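Understanding the architecture of this molecule
Residue-level listing of the chains:
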Amino acid sequence: MKLFRLISIVHTFAAWRIPDLIPSKGLFNPLKALYILSPFGRREAKNMRPGQRLRRALEELGPIFIKFGQTLSTRPDLIPVKIAQALEKLQDDVEPFDWNDAKRIIEQQLDGSVDDFFASINEQALASASIAQVHEAKLKDGQDVVVKVIRPSIEKKINRDIVLMHALARFARKYLNPGVQVDPIEVVAEFEKTIIDELDLQREAANASLLRKNFKDSSDLYIPKIYWDYTKEHIMVQERIYGISIKDREAIEAAGINMQRLSEKGIEIFYTQVFRDNFFHADMHPGNIFINPDNPENPQIILLDFGICGSLPKGHRVDLANNLMAFFKQDYKRVAELHIESGWVPADTNVEDLESATRTICEPYFARPIEEISFGEVMLKTFQMAKRFRLIIQPELILLQKTLLNIEGLGRQLYPQLDIWQTSEPILRNIMKDHYGAQGAIEKIKQNLPKWLEQASEVPALMHQYLSLQTQPLPRHVRLQEEQKQRIKRREKQRGHLAVLTSGMVLSTALLYVFDEKYMLWNTAPASSLFTGLISAILFVKVLKRL
């Protein structure tokens, strides 16, 4: 069976002339020889662009390969941008599976009859995708919900095709030359991890729950409620939402929605998720976005499908925000410097060359409406620059780039006149001011105080233990060795003592800054904290001199 499936996969790729997309290491491309063995080759493939041929081949191979194509569409750093854009158009509509199978899965997961949990449930699927399908239902208390059900036996099918994908990846790495530094096996491994995560609907429910908490009572974004009592690994029950699909332009116009405000909110929501919460919905394509029409002048966006969410490692948010702020100010030299400081390019990169290359890419797009800007074109030029300057593309930033492409599509559809740069800069500046400025620092100090106080209570015991170890008599042979190193260690101890004392003074400064409000100076720090801060600075200079 596996051999038959492998033959079918190879034949489909050959029939759609996929080997033409990948140059071989030598003059001979072993896959092209399969054209001879493919008498049923697709004639229309000759007149199609490369991305279109790949998309059609994946569609023909079925749901798992469709999902693989959707995943590849999020990685324009690995494949050409134009092919990635073509793969974004893979159809989401997949043939639904039988209601009896869905009912069996629901009852197995809930350990009871469907009638025990739902007042009613629509046997006709509301929507169907490659991994799961959705049914409308009503709970016993009358609440309208939707039930998402994983496809039956999907794990077995996925494992079967993943094994074959790995085999094809090993073949590609051995015989083909993709033209970029891409390991096909790593690509398949990443896809395997992604799709296995999506099979766990409890993970998706947790993502939705966190986003809902982050935007509680928000007039900008609404996240449906998760019903945890009915949510298991293979089924998820969430609130049924009613709104206008972002794809239905006629309905949006008929509802009198303020298009400019709606487009601006899309940008605001993106920056808020990334830079305020460090947790963002990474699959904001039009099929997952609805509009609440209740307040047309201040419309609320509704998001669905939380299987793909992302976050940035510690420190990357500030690096990215600083880069964006410099970019909005058209300070290309600072952009180049920040790329080096962030470790995104090698330390020996020539700043002037990187500045010039960045200006060449970005300058033509400023002061132009979104209808005249193509993020895909910008990204293509960026990745070309990446090869030249050995840019280290952070994996976590790929999801952000994908989300920005989605926002571009949203902006083009809703309000093509939107100046995305002028809209983005004040939003990002305000978020940075609130969460990374002085007030944000004070809030972090307050949040960390309980932990610091708990640690401070242990300092005397630790100091006593440290001093006891220093005064304890040592065995003769150890003492002789220590005497030989005494001069070196004495200097090291002095450094350590100064460092400990300096750290203590810094902690004291932080504590006094928060607690000593009685002697607060005019819009500045408390007087006592200024004094301890001055002493800390003096000690810090002494430490530096002894290093």
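Residues numbered from 1 in each chain as written. Predicted model: local features only at pLDDT ≥ 70, side-chain atom pairs only at ≥ 80, totals over all residues. Heavy atoms only, no water.

**Comments concerning the packing of helix α11 (residues 259–277) against helix α12 (residues 316–328)**
Our working definition: Think of each axis as a best-fit line through the C-alpha atoms, taken over the contacting stretch in the case of a helix, with angles from 0 to 180 degrees between the N-to-C directions. Secondary structure follows DSSP: runs of H or I at least 4 residues long count as helices, runs of E at least 2 residues long count as strands, and numbering of each begins at the N terminus. Any angle that is under 35 degrees is reported as roughly parallel, and any over 145 degrees as roughly antiparallel; angles of 65 to 115 degrees are reported as roughly perpendicular and all others as oblique. Should any heavy atoms of two residues lie within 4.5 Å, those residues are considered in contact. Classification convention: Asp, Glu, Lys, Arg as charged; Ala, Val, Leu, Ile, Met, Phe, Trp, Tyr, Cys, Pro as nonpolar; all other residues, Gly among them, as polar.
Across the interface, α11 lies against α12 with an axial gap of 9 Å and an inter-helix angle of 135°. In terms of axis orientation, α11 runs oblique to α12. Contacts from Tyr 271, Val 274, Phe 275, Arg 276 and Asp 277 of α11 reach α12 at Arg 317, Leu 320, Ala 321, Leu 324 and Phe 328. Residue composition of the contact of α11 with α12, grouped by class: seven nonpolar, no polar and three charged.

**Overview of the packing of aromatic side chains**
A ring pair, where both rings are aromatic, is described by two values, the distance of the centres and the angle of the planes. This is how the line gets drawn: Two aromatic rings from Phe, Tyr or Trp, using only the six-membered ring of Trp, form a pair when their centres are within 6.5 Å; if the ring planes differ by under 30 degrees the pair is stacked, by over 60 it is edge-to-face, and anything between is tilted. A simple rule labels every residue: compare its accessible area, found with a 1.4 Å probe on the protein chains alone, to the largest value its type can have, and call it buried under 20%, exposed over 50%, or partly exposed in between.
The final tally for this structure, using the stated rule, is four aromatic pairs. Ring geometry for Phe 117 versus Tyr 230: centroids 6.3 Å apart, planes at 80°, classification edge-to-face. Placement of Phe 117 in helix α6 (residues 114–117) and of Tyr 230 in the loop between β5 (221–222) and β6 (235–239) is noted, with a sequence separation of 113 residues between them. Ring centres 5.3 Å apart and planes at 65° place the aromatic pair Phe 270 and Tyr 271 in the edge-to-face group. A single burial state applies to Phe 270 and to Tyr 271, both of which are buried.

**Digging into the pairing of strand β9 (residues 289–292)**
So the rule is basically this: Two strands qualify as a pair provided DSSP detects at least 2 bridges between them.
Burial along β9 is two-sided: Ile 289 and Ile 291 facing one way and Phe 290 and Asn 292 facing the other are all buried. Direction of pairing for strand β7 (residues 244–245) relative to β9: antiparallel, over a ladder of two bridges. Each bridged residue has a counterpart across the sheet, and for Ser 245 the counterpart in β9 is Phe 290. In this structure, β9 lies alongside strand β10 (residues 300–303), joined through four bridges in antiparallel fashion. The residue of β10 that forms the bridge with Ile 291 is Ile 301.

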